[in-house]
Amino acid sequence: MMVRFLAGGLTGTRLAMLALLLAAAVLVPVLNLALPADHPLHVPTYAVTLMGKYLTYALLALALDLVWGYCGILSLGHAAFFALGGYAMGMYLMRQIGARGVYGDAVLPDFMVFLNWKELPWYWSGFDAFPFAIAMALAVPGLLAFVFGWFAFRSRVTGVYLSIITQAMTYALLLAFFRNDMGFGGNNGLTDFKDILGYSVQSDATRAGLFAASALALAASLVLAIAITGSKLGKVLIAVRDAESRTRFLGYRVEHYKLFVWTVSAMMAGLAGALYVPQVGIINPGEFAPANSIEAVIWVAVGGRGTLVGPIIGAVLVNFAKSWFTAALPEIWLFALGALFVAVTLFLPKGILGLAASLRARLPKRKDKTSPADVSAGAPTAPAPALARNQAAE
């Protein structure tokens, strides 16, 4: 069934993106680890980490495109799912520190010792195991999305009202995680990580492995998104996006379709956050900021909403520009980002991929090069209109 779904959705652009991600998952670690630092093809470790971070942002943009581009749900709260996945991974990484922390406590993280916590909270149990942490990075955002969507979609909250509610949700989580008594490090968050799966998070090999994991996770998520959007379910999602009332009138339980894709998208965003944290080395409540969700919307708009590949391109390009601007011209980055969003809205409503498709459509099509001399002399030819009328008159 998956093969049938993919056969109809694997266009040339999507196939090229999948091939690029799989190739990058192999080549970038090889060019980083196997070549000496003075080799012209060597990829430095800082670049590997930076590109790995871009890939996690691309996965977040893909998750957002699944609900906005194909179901018409403009979410301004996907940063919440991203951050929850990041905290799940951060809790695992904190449990791996053990007695190597500043206070030398084998069980309690340093911030809990500092705040005079006497025992580990119950919700930290199990995070000493990597599989449990990954499961929670998927389950917690998915459960939050399911509960939120169950009430929102059954109440038929749509449009700008739904967007505002999603933004309020992520802002509420931001305020909650700032509190020290929540048990997540308060304003400082979780940091000073040492190991992941027994390997130092600072080593070149671990950095390369995390990059490869990010590329493979993005490729797998893209395959899943192609399968969903190319199925009958995907066609219903597009119908909901374009004419929700008509789709409901035809007998479809629209809220069920919305709830499914909303939950899947949240789990993808949680996975992106889980891959993001060990590469940047910190997770704090700032990741819940509504501005982060708005930036993700800009990535999708720049790349091309409803294309799956476009948001990946948009996330990488915008964040590359952000890295350059914040280093060269930090004082104008926010103005440049705002101008980019306005320009895309006015002049590129379909994003980069939409512009490329329009340019291809305007190219003159190749004409048939067959000349009259190539036609066999004995082959019948259609009579000209005037000749045909004369023959009819006779």
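These figures come from a predicted structure and were not determined experimentally. (Residues numbered from 1 in each chain as written. Predicted model: local features only at pLDDT ≥ 70, side-chain atom pairs only at ≥ 80, totals over all residues. Heavy atoms only, no water.)

*Asks:* Lay out the nonpolar core in plain terms, naming residues and giving numbers.
*Replies:* Grouped together as the largest cluster of nonpolar side chains are 102 residues, with contacts concentrated most on Trp124, Leu190 and Phe288. Excluding residues that lie within four positions of it along the chain, Phe288 makes contacts with Ala80, Ala83, Leu84, Tyr87, Thr170, Leu173, Leu174 and Phe177. (Core = buried A, V, L, I, M, F, W, Y, C linked by side-chain atoms within 4.5 Å. Buried < 20%, exposed > 50% of the residue type's maximum accessible area, 1.4 Å probe, protein only. Contact = heavy atoms within 4.5 Å.)

*Asks:* Describe helix α6 (residues 130–154), naming the residues involved and giving the relevant values.
*Replies:* The end-to-end C-alpha distance of α6 is 36 Å, a good match for the 36 Å that 25 residues give at a rise of 1.5 Å each. Those residues of α6 not exposed but buried are Ala133, Ala137, Pro141, Gly142, Ala145, Phe148, Gly149, Ala152 and Phe153. Positioned one or two residues after α6, Arg156 has a phi angle of 60°, which is positive. (Helix = DSSP H or I, 4+ residues; strand = E, 2+ residues; numbered from the N terminus. Expected span 1.5 Å × (residues − 1).)

*Asks:* Tell me what's going on with the packing of α6 against helix α11 (residues 254–280), and back it up with residues and numbers.
*Replies:* Direction vectors running N to C along α6 and α11 enclose 150°, while the axes themselves pass 8 Å from each other. One element, α6, and the other, α11, form an angle in the roughly antiparallel class. At the point where α6 passes α11, the crossing takes the right-handed sense. Across the interface between the two elements, Ala137, Leu138, Pro141, Gly142, Ala145, Phe146, Phe148, Gly149, Trp150, Phe153 and Arg154 of α6 pack against Glu255, Lys258, Leu259, Trp262, Thr263, Ala266, Met267, Gly270, Leu271 and Ala274 of α11. When grouped by side-chain class, the residues that make up the contact of α6 with α11 number 14 nonpolar, 4 polar and 3 charged. (Axes fitted to C-alpha atoms, helices over the stretch in contact; angles between N-to-C directions. Parallel < 35°, antiparallel > 145°, perpendicular 65-115°, else oblique. Left-handed = near helix turned anticlockwise from the far one by under 90°. Nonpolar A, V, L, I, M, F, W, Y, C, P; charged D, E, K, R; others polar.)

*Asks:* So what's going on with the side chain of Gln279? Residues and values would help.
*Replies:* With respect to the secondary-structure elements, Gln279 resides in helix α11. On the accessibility criterion, Gln279 (4% relative accessible area) is buried. With sequence-adjacent residues up to four places away left out, Gln279 is seen in contact with Thr49, Gly52, Lys53, Thr56, Arg207, Leu210, Phe211 and Ser214.

*Asks:* Tell me about the packing of aromatic side chains, and name the residues and values.
*Replies:* Scanning the model with the defined rule gives 21 aromatic pairs in all. Judged by centre distance (5.8 Å) and plane angle (75°), the rings of Tyr87 and Phe184 are edge-to-face. In this pair, Tyr87 sits in helix α4 (residues 78–95) while Phe184 sits in the loop between α7 (159–178) and β1 (190–191), placing the two residues 97 residues apart along the sequence. Across the pair, Phe184 and Tyr87 agree in class, each one buried. Between Phe111 and Trp124 the ring centres are 6.2 Å apart and the planes differ by 50°, which places this aromatic pair in the tilted class. Taken together, the residues span a long stretch of sequence, with Phe111 in helix α5 (residues 110–114) and Trp124 in the loop between α5 and α6 at a distance of 13 residues. The buried category is assigned to Phe111, whose relative accessible area is 13%. Judged by its relative accessible area of 0%, Trp124 falls in the buried class. Among the aromatic residues, those joined into a ring-pair cluster are Tyr87, Trp122, Tyr123, Phe177, Phe184 and Phe288. (Phe/Tyr/Trp six-rings, centres within 6.5 Å; stacked < 30°, edge-to-face > 60°.)

*Asks:* Tell me about a nonpolar patch on the surface, and please be specific about residues and values.
*Replies:* Taken together, Leu143, Phe146, Val147, Trp150 and Phe151 make up a surface patch of nonpolar side chains, about 510 Å² in accessible area. Position of Trp150 relative to the elements: it lies in helix α6. Owing to a relative accessible area of 35%, Trp150 belongs among the partly exposed residues under this scheme. (Patch = residues over 30% accessible without salt bridge, like charges linked within 9 Å, V, L, I, M, F, W, Y side chains within 5 Å. Areas by Shrake-Rupley, 256 points an atom, 1.4 Å probe, with all protein chains shown as cover. Salt bridge = Lys/Arg side-chain N within 4 Å of Asp/Glu carboxyl O.)

*Asks:* If you had to explain the pattern of salt bridges to someone new, which residues and values would you point to?
*Replies:* Overall, the coordinates contain 9 salt bridges when judged by the stated rule. Taking the shortest distance from any N to any O, the salt bridge between Glu255 and Arg248 comes out at 3.2 Å. The exposure class assigned to Glu255 is buried, which follows from its relative accessible area of 13%. Connected through salt bridges with shared partners, the residues Glu244, Arg248, Arg253, Glu255 and Lys258 form a single ionic network.

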